[in-house]
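Working through the structure, step by step
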Amino acid sequence: MMDLNKLEKSFNTDIPQTEPTTAYFNVISRCNAGCRYCLDWKNNSNVNTDVSIQKIEEILTSLKKLGVIEVAFSGGEPYLRRDILDILRLAKNMGFVVRVITNGSAFTDKDMYKTIESGISKIGISIDSINATKFELIRGLNLDRVKSNIEKLVHLREQSHKTLDLSLYVTITKLNIEDLIPLAKYAQMLDVKIQYQPVHFSGTGLEDYILDNLWPNDQEINNITSVIYELIAMQKTVNNIGNRPEYLAQIPVFFRQKTFYPTNRCYVAYVDVVIDQDLGVRPCWSMFPVGFLTNHSLEELWVSEKMREMRSIIRLQQCPGCLYSCHINKKHVSLPPVPLQT
Ligand SMILES: C[S@@+](CC[C@H](N)C(=O)[O-])C[C@H]1O[C@@H](n2cnc3c(N)ncnc32)[C@H](O)[C@@H]1O
Ligand code: SF4
Ligand code: SF4
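So, here is what we can say about the structure in this document. (Residues numbered from 1 in each chain as written. Chains lettered and ligands numbered in written order. Predicted model: local features only at pLDDT ≥ 70, side-chain atom pairs only at ≥ 80, totals over all residues.)

A word on the packing of helix α4 (residues 109-117) against helix α6 (residues 143-160)
Where α4 meets α6, the closest approach of the two axes is 10 Å, and the angle between their N-to-C directions is 40°. The orientation of α4 with respect to α6, classified from their angle, is oblique. Crossing of α4 against α6: the hand is right-handed. Residues Asp109, Met112, Tyr113, Ile116 and Glu117 of α4 lie in contact with α6, whose contacting residues are Asn149, Lys152, Leu153, Leu156, Arg157 and Ser160. Class assignment for the residues of the contact of α4 with α6 results in five nonpolar, two polar and four charged. (Axes fitted to C-alpha atoms, helices over the stretch in contact; angles between N-to-C directions. Helix = DSSP H or I, 4+ residues; strand = E, 2+ residues; numbered from the N terminus. Parallel < 35°, antiparallel > 145°, perpendicular 65-115°, else oblique. Left-handed = near helix turned anticlockwise from the far one by under 90°. Contact = placed C-beta atoms within 7 Å. Nonpolar A, V, L, I, M, F, W, Y, C, P; charged D, E, K, R; others polar.)

Now the structure itself:
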């Protein structure tokens, strides 16, 4: 449980009084998909530039020392790494709560079996539509393959009797508004969780493209609002929608304002840490790196002057302002209550 007094003290002084609890670790920047809102699939790095498992172990050791509890491995597409299972097992054996986030298309049946057997806690699979044409248009992947893998994971989970959190991650754009409820029903049918977040443009390198092609117009934001209220209503009878209702209610607000700040303060730079494939360390997805693990230790960067500057930028609400669910959906982040629907 987060100590809110310590968080508040950290926030007011720009000096951490707490340890980060979650690390998001991008262990690869290559990808086999073609998502319209992400540039990773255009990255032409190769296997020789992947951060080595030895370096990953070193970083995990620093994360452990720093007090991190959960490590979420992401990318790029993590399952393009041949040693991803070794990485997951390593983190699990070091005592972390381990999550992996995948596009669901790059693993084999054996990878899925071994991932579940590794005893990790969570697998997040991204899926934005259950219409094959639209899915391919948005993510450049074959829907049948991804759905079949999701369903195999559900089956393997049942067989293994392991308590594994399987979650579908949905990125909302103007292209998939009518898919949001069918996706919730699909998740419910499979007994997996589902989590939504709006598309972001800040820091993606695709700002103009996203705003011109993926951002909903006023009418579409109204449609999103109706869908959001339907999801909030569904939460009264189903418990697999992983977003807080207050978070869901802010999605149309974010689309209207193109930015969002939690009520009073964003504590992210005291509870989360993002590590990129190039070993840059960032306070959150929307901000620039404060330094690199190639020439500084994580412990140094966590309390560095540069990180302190970032924290003061956040305190002054001069960060881009986002609604990334991994940061803002968290319980200790204060959000306005769900307004009554008029
Ligand atoms: C960057 S991907 C990496 C893991 C894996 N390749 C995948 O797609 O799940 C992690 C999550 O970020 C989401 N994402 C990528 N670009 C985004 C953007 N511009 N705005 C919001 N979410 C985004 C993806 O849809 C995915 O759910
Ligand atoms: S699958 Fe993930 S990493 Fe790949 S392009 Fe899509 S969002 Fe980016
Ligand atoms: S960009 Fe978002 S997560 Fe990052 S500090 Fe600002 S509000 Fe918080």
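Some remarks on the pairing of strand β4 (residues 122-126)
Most of β4 is tucked away, with four of its five residues classed as buried. Of the strand pairs in this sheet, strand β3 (residues 97-102) and β4 are connected by four bridges, and their pairing is parallel. Within β4, the position partnered with Arg99 by the bridge is Lys122. Crossover β3 to β4 through α4 is right-handed. The pairing of β4 with strand β5 (residues 165-172) spans five bridges and is parallel. Residue pairing for β5: Ile125 is matched across the bridge by Leu168. (Buried ≥ 20, exposed ≤ 12 C-beta atoms within 10 Å, placed from the backbone. Pairing = 2+ DSSP bridges. Right-handed = clockwise from strand over helix to strand, strands pointing away.)

Points about helix α7 (residues 180-190)
All buried positions along α7 are accounted for by Leu180, Ala184 and Ala187. Each buried residue of α7 lies within a common arc of 60° when the element is viewed along its axis, so the set occupies one face. Of the surrounding elements, those touching the buried residues of α7 are β5, β6 (193-198) and α9 (218-234). Count one or two residues on from α7 and you reach Asp191, which has phi positive near 60°. (Arc of directions from axis to C-beta.)

Some remarks on the site of ligand 3
Close to ligand 3 lie 13 residues; Cys266, Cys284, Ser286, Cys319 and Cys322 are nearest. Classifying every residue of the shell around ligand 3 gives ten nonpolar, three polar and no charged. (Near = placed C-beta within 6 Å.)

Quick look at the sheet that holds strand β9 (residues 291-292)
Read from one edge to the other, the open sheet built from nine strands follows the order β6-β5-β4-β3-β2-β1-β7-β8-β9, with strand pairing classed as mixed. For this open sheet the edge positions go to β6 and β9, each flanked by a neighbour on one side alone.

Examining the site of ligand 1
Near ligand 1 you find 16 residues, and of these Tyr37, Cys38, Ser126, Tyr169 and His200 are the closest. Those elements giving two or more residues to the shell around ligand 1 turn out to be β3 and β5. Of the residues assigned to the shell around ligand 1, the class counts are six nonpolar, nine polar and one charged.

Considering the nonpolar core
The biggest cluster of nonpolar side chains holds 91 residues, and the ones touching the most others in it are Val71 and Ile251. Per-element tally for this core: the top contributor is helix α10 (residues 245-257), with six residues. With sequence-adjacent residues up to four places away left out, Ile251 is seen in contact with Ile172, Tyr196, Pro198, Ile224, Ile228 and Leu323. (Core = buried A, V, L, I, M, F, W, Y, C linked by C-beta atoms within 7 Å.)

Considerations on unusual backbone geometry
Between Gly75 and the following residue, Gly76, the backbone shows a cis peptide bond with an omega angle of 25°. Structurally, Gly76 can be placed in the loop between β2 (70-74) and α3 (84-93). Notably, Asp14 is not glycine yet its phi reads approximately 65°, a positive angle. Structurally, the position occupied by Asp14 is in the loop between α1 (4-13) and β1 (22-26). What makes Asp14 partly exposed here is the crowd of 17 C-beta atoms within 10 Å.

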